[in-house]
Amino acid sequence: MANPDTTPVKCTRLYADPAGESHFEEIEFNLSSVQYAPPAPALDISEPTAASSFFWLRFPRDWTDAAHPSPSRQLFIVIEGKVEGWTSGGETRVFGPGDRLLMEDTSGKGHGARPLQGEALAIVVVLQ
């Protein structure tokens, strides 16, 4: 049974518009109360999203890159440190531990990134 008081999970989405420019936007994933692992009490979970793999990604200190599209549709979750990301339109955001970025700019001019204040560690989940 759905819990009407369940707060959605917020996530930043990175996408390319029809002209190939990349942009950030805030999106939400709705949760429902589900008996996920009986006999444990119900948990609030979202609809599943198919994934093919995941990997750890470490940004070395002083690493920076040129603009590029995402190699695949993926979920990027910062674990340690801070990562600055920017769009082809020049918007910049800083992502820290626990921040989530749904990367869907698999075409177009892409985005860039760099670690701030040393190394940064993330988990990348490749989505289908």
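- Naming follows an unreviewed UniProt entry, where the protein appears as Cupin domain-containing protein of Parasedimentitalea maritima.

**Looking at the packing of aromatic side chains**
- Applying the stated criterion across every chain, the model contains three aromatic pairs.
- Judged by centre distance (6.2 Å) and plane angle (70°), the ring pair of Phe-59 and Phe-76 falls under edge-to-face. Highlighted residues: Phe-59 in strand β5 (residues 51-59) and Phe-76 in strand β6 (residues 74-87), separated in sequence by 17 residues. Each member of the pair, Phe-59 as well as Phe-76, carries the same accessibility label: buried.
- These aromatic residues form a ring-pair network of at least three members: Phe-59, Trp-63 and Phe-76.

**Re the nonpolar core**
- Phe-59, Phe-76, Val-83 and Leu-101 are the most contacted members of the largest nonpolar core, which totals 13 residues.
- No other element matches strand β9 (residues 111-127), which puts four residues into this core.
- Leaving out residues up to four positions away in the same chain, Val-83 has contacts with Phe-59, Phe-76, Val-78, Arg-93, Val-94, Phe-95, Ala-113, Arg-114, Pro-115 and Ala-120.
- Residues Cys-11, Leu-102, Ile-123 and Val-125 belong to the second largest nonpolar core, which totals five residues.

**Some details on unusual backbone geometry**
- Cis geometry marks the peptide bond from Pro-38 to Pro-39, where omega comes out at 10°.
- Phi angles above zero are rare outside glycine, and Asp-62 is one such case at about 65°.
- Relative to the elements of secondary structure, Asp-62 occurs in the loop between β5 and β6.
- Looking at Asp-62, the relative accessible area reads 71%, which means it is exposed.
- Although it is not a glycine, Gln-117 adopts a positive phi angle of roughly 60°.
- Summarising the element assignment, Gln-117 is placed in strand β9.

**A few points about the side chain of Thr-6**
- The residue Thr-6 is located in the segment before β1 (9-16) in this model.
- For Thr-6, the residues in contact, after removing those within four places along its chain, are Leu-31 and Asp-44.

**Re the environment of Tyr-15**
- With respect to the element layout, Tyr-15 can be found in strand β1.
- Spatially, the C-alpha atoms of Tyr-15 and Gly-108 are 9.2 Å apart, while their sequence positions differ by 93 residues.
- Setting aside residues no more than four positions away along its own chain, Tyr-15 makes contact with Glu-21, Ser-22, His-23, Phe-24, Glu-25, Glu-104 and Asp-105.

**Let's talk about the pattern of salt bridges**
- This model, assessed by the stated rule, comprises eight salt bridges.
- Where Arg-93 meets Glu-26, a salt bridge forms, and the shortest distance between an N and an O atom there is 2.2 Å. Note that Arg-93 is positioned in strand β7 (residues 92-95) and Glu-26 in strand β2 (residues 22-29), a separation of 67 residues in sequence.
- By relative accessible area, which is 23% here, Arg-93 ends up partly exposed.

**Points about the pairing of strand β8 (residues 100-103)**
- Judged from the three bridges that link them, β1 and β8 form a sheet pairing that is parallel. Within β8, the residue paired with Leu-14 across the bridge is Met-103.
- For β6 and β8, the ladder comprises four bridges, and the chain directions are antiparallel. Note that in β8 the partner of Phe-76 across the bridge is Leu-101.

Cut-offs applied
- Residue positions are given per chain, counted from 1 along the sequence in the order it is written.
- Only residues with pLDDT of 70 or above have their local features reported here, since the model is predicted, and side-chain atom pairs are shown and tallied only from 80 upward, although totals for entire chains, interfaces and linings are computed over all residues.
- Each side-chain value is derived from all of the structure's non-hydrogen atoms; neither hydrogens nor water enter the calculation.
- Side-chain rings of Phe, Tyr and Trp, where Trp is taken by its six-membered ring, are said to pair if the distance between their centres is within 6.5 Å; with planes under 30 degrees apart they count as stacked, over 60 as edge-to-face, and otherwise as tilted.
- Strands are runs of DSSP state E lasting at least two residues, helices are runs of H or I lasting at least four, and both sets are numbered from the N terminus onward.
- For every residue, the accessible area obtained with a 1.4 Å probe (protein chains only) is divided by the maximum for its type, and the residue is called buried under 20%, exposed over 50%, and partly exposed between those limits.
- Put simply, a nonpolar core is a bunch of buried Ala, Val, Leu, Ile, Met, Phe, Trp, Tyr and Cys residues held in one set by side-chain atoms that sit within 4.5 Å of each other.
- Any two residues having at least one pair of non-hydrogen atoms within 4.5 Å are treated as being in contact.
- Whenever Lys or Arg places a side-chain nitrogen within 4 Å of a carboxyl oxygen from Asp or Glu, that contact is recorded as a salt bridge.
- Note: two strands are recorded as paired if DSSP finds a minimum of 2 bridges between them.

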